[in-house]
Amino acid sequence: MKTHPYSKRPDYALWRRAVADAAPGELDPVVEAPFRLGLREKIATAGSCFAQHIGRYLKSSGCNYLITEPPHCFIGQQAADALNYGLYTARYGNIYTSRQLLQLFDRAYGRFTPKENYWPEGAAHVVDPFRPQIQPGGFNSVRELDYDRERHFEAVRRAFETLDVFVFTLGLTEFWRSREDGAAFPLCPGVAGGDYSPARHEFVNLGVDDVVADMTAFIARLRAVNPGARVILTVSPVPLVATAEPRHVLISTMYSKSALRVACDMLSRALGQVAYFPSYEIVAGGYAPTDYFAPDRRSVTQEGVAHVMRVFERHFIKRNAAGEALRGALRAFAPARAASAEDPIAAAMRLMCDEEALSLERIEASSDAEPAEVEPAAQNESAKEFAAQEPLADETEGEANAASPQNHGLVD
């Protein structure tokens, strides 16, 4: 019998055995993780709102989840939750794009200070342009914002310098930036603070090369302060809530996720100790026997998140008897939270997602005002140079739940 390169391929390389015959909830696209996370490794997370599920899982499972920016000791748990402490390793909120991540590092280490560093909000408050919804109602003064930001940057530096593994979920390629100095905003000015001006702000849509260049630069900077840092990249399966491109939002979503996925593949192949985890493929690939999107076709169901984290644990978390005993003890002695009238599962699924500020209700509410003119990305000569914008995809906890009741019990 003749043989060829496909004659003895393992089951994972054959569609029928690896995908078509997979039992519900058992589709597993990971073949072999390049490294596994033990009890001692300090794990930090950041990214789009879907990344919050990874952090929540790591904390609840007794892993060594790194928190460098805890709430003040006099703040109760309910207030800490309202102020978005504990969503990530530090209180940076959602980081949707590679450009936003790179600039966070540069800002924390004093390499870059944006000219548009705060937004006045009414007569008595100011908003952080780079964490526009981290502080409900905004800060009481520029001085208070500066103090909080200084403390935040110290926590960011401590995270980058002490982590063992950094898990980053890429969410978007679209974002808005300052024409003056290229500062990348997580939301378009005017959505959750600030005032949009075509003369001062421009739309950018990152390409694959832009994302690769941003992430390569970030990882080089990270390893300059922490030579042993390892990185796990993943892509959020959550579609864009809106697009600034002159085309259908579905087309923009497919472009954005495709560009991010290709960039992750290039980075994991080119850089050592950089792994890719396929959360996007599990949820949005459409190949799992179960549909993991809610009726809005954007929110991810609890079952989808559970499937993702089950695969993540199987391949990336080390398990042994001693470690399991210690994890159990850590879970047993973790601070207890007050009972909530809300369904506990639904409460656990709530997310902080800035992009939900672009909800249909808000867009319609502002439609009476004269619309600001948006430059098409194609006319932006510097888009290829800076690339990266994203006011449109992944949500904010309070906003997501207020705007869409069906998000309770669902995942972004």
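Whatever comes next refers back to the structure up there.
Residues numbered from 1 in each chain as written. Predicted model: local features only at pLDDT ≥ 70, side-chain atom pairs only at ≥ 80, totals over all residues. Heavy atoms only, no water.

Enquirer: Sorry, what's going on with the overall build of the protein chain here?
Expert: A tally of regular secondary structure across the protein chain gives 14 helices and 11 strands. Put simply, of all contacts in the protein chain between residues at least 6 apart along the chain, 78% involve residues at least 24 apart. Of the roughly 18900 Å² of accessible surface on the protein chain, 55% is carried by carbon and sulfur atoms. (Helix = DSSP H or I, 4+ residues; strand = E, 2+ residues; numbered from the N terminus. Contact = heavy atoms within 4.5 Å. Areas by Shrake-Rupley, 256 points an atom, 1.4 Å probe, with all protein chains shown as cover.)

Enquirer: What am I meant to see in the sheet that holds strand β5 (residues 174-178) here?
Expert: Pairing between the strands of a sheet comes from backbone hydrogen bonds, and it takes one of two forms, parallel or antiparallel. The three strands lie next to each other as β6-β5-β7, forming an open sheet whose pairing is antiparallel. Of all the strands in the sheet, just β6 (184-185) and β7 (201-205) have a single pairing partner and so form its edges. One ladder, built from five bridges, connects β5 with β7; its direction is antiparallel. Residue pairing in the sheet places Trp176 in a bridge with Phe203 of β7. (Pairing = 2+ DSSP bridges.)

Enquirer: Could you clarify how one ought to interpret the environment of Glu26 in this entry?
Expert: Within the secondary structure layout, Glu26 lies in the loop between α1 (15-20) and β1 (43-47). Spatially, the C-alpha atoms of Glu26 and Ala288 are 8.2 Å apart, while their sequence positions differ by 262 residues. With residues near it in sequence (within four places) discarded, Glu26 still touches His307, Arg310 and Arg314. Among the polar contacts made by the side chain of Glu26, one reaches the side chain of Arg314 at a distance of 3.4 Å. (Polar contact = N/O pair within 3.5 Å; in protein donor to acceptor, adjacent residues only side chain to side chain.)

Enquirer: Honestly, the pattern of salt bridges in this entry has me stumped. Any pointers?
Expert: Any two side chains of opposite charge can pair if their charged atoms end up close together. Within the structure shown, the criterion is met by 23 salt bridges. Across the pair Arg16 and Asp21 runs a salt bridge whose closest N-O atoms are separated by 3.2 Å. The residue Asp128 makes a salt bridge to Arg131 at a minimum N-O spacing of 3.0 Å. Take Asp128 and Arg131: they sit in the same class, and that class is buried. (Salt bridge = Lys/Arg side-chain N within 4 Å of Asp/Glu carboxyl O. Buried < 20%, exposed > 50% of the residue type's maximum accessible area, 1.4 Å probe, protein only.)

Enquirer: What is the right way to read unusual backbone geometry from this model?
Expert: Glycine aside, negative phi is the norm for most residues, and most peptide bonds take the trans geometry. Here Asn84, not a glycine, exhibits a phi torsion of approximately 65°, which is positive. In this fold, Asn84 is placed in the loop between α3 (77-82) and α4 (98-108). Unlike most non-glycine residues, Arg297 shows phi in positive territory, near 60°. For Arg297, a relative accessible area of 45% gives the class partly exposed.

Enquirer: Before we go on, may I ask you to explain empty space enclosed by the protein in this structure?
Expert: Where empty space is left becomes clear once a probe the size of a water molecule has been rolled over the atoms. Tallied over the full model, the rule gives three cavities of 30 Å³ or more. By volume, the largest cavity is sized at about 120 Å³. At the level of secondary structure, the elements contributing two or more residues to the lining of the largest cavity comprise α4 and α5 (142-162). In terms of residue count, α4 provides more of the lining of the largest cavity than any other element does, four residues in total. Here the lining of the largest cavity is built from residues that sort into six nonpolar, three polar and three charged. (1 Å grid on protein atoms, 1.4 Å probe; cavity = no way out; pocket = protein on both sides within 12 Å on 5 of 7 lines; lining within 4 Å. Points joined across faces, edges and corners; volume = space filled by probe spheres on them. Nonpolar A, V, L, I, M, F, W, Y, C, P; charged D, E, K, R; others polar.)

Enquirer: Please explain the packing of aromatic side chains as it appears in this structure.
Expert: Each aromatic ring pair is characterised by the separation of its centres together with the angle its planes make. Tallied over the full model, the rule gives 17 aromatic pairs. Look at Trp15 and Tyr287: their rings are 5.1 Å apart centre to centre, the planes differ by 90°, and that puts the pair in the edge-to-face class. With a gap of 272 residues between them, Trp15 in helix α1 and Tyr287 in the loop between α8 (279-284) and β10 (300-301) connect regions that are remote in the sequence. For Tyr287, a relative accessible area of 49% corresponds to the partly exposed category. Ring centres 4.5 Å apart and planes at 20° place the aromatic pair Phe105 and Tyr109 in the stacked group. A connected cluster of aromatic rings, assembled from ring pairs, spans Phe105, Tyr109, Phe160, Phe166, Phe168 and Phe218. In this structure, Arg107 is placed above the aromatic ring of Phe130, and the distance from its NZ or CZ to the ring centre is 4.2 Å. The ring of Phe35 has Arg230 lying over it, and the distance from NZ or CZ to the ring centre is 5.1 Å. (Phe/Tyr/Trp six-rings, centres within 6.5 Å; stacked < 30°, edge-to-face > 60°. Lys NZ or Arg CZ within 6 Å of the ring centre and 35° of its normal.)

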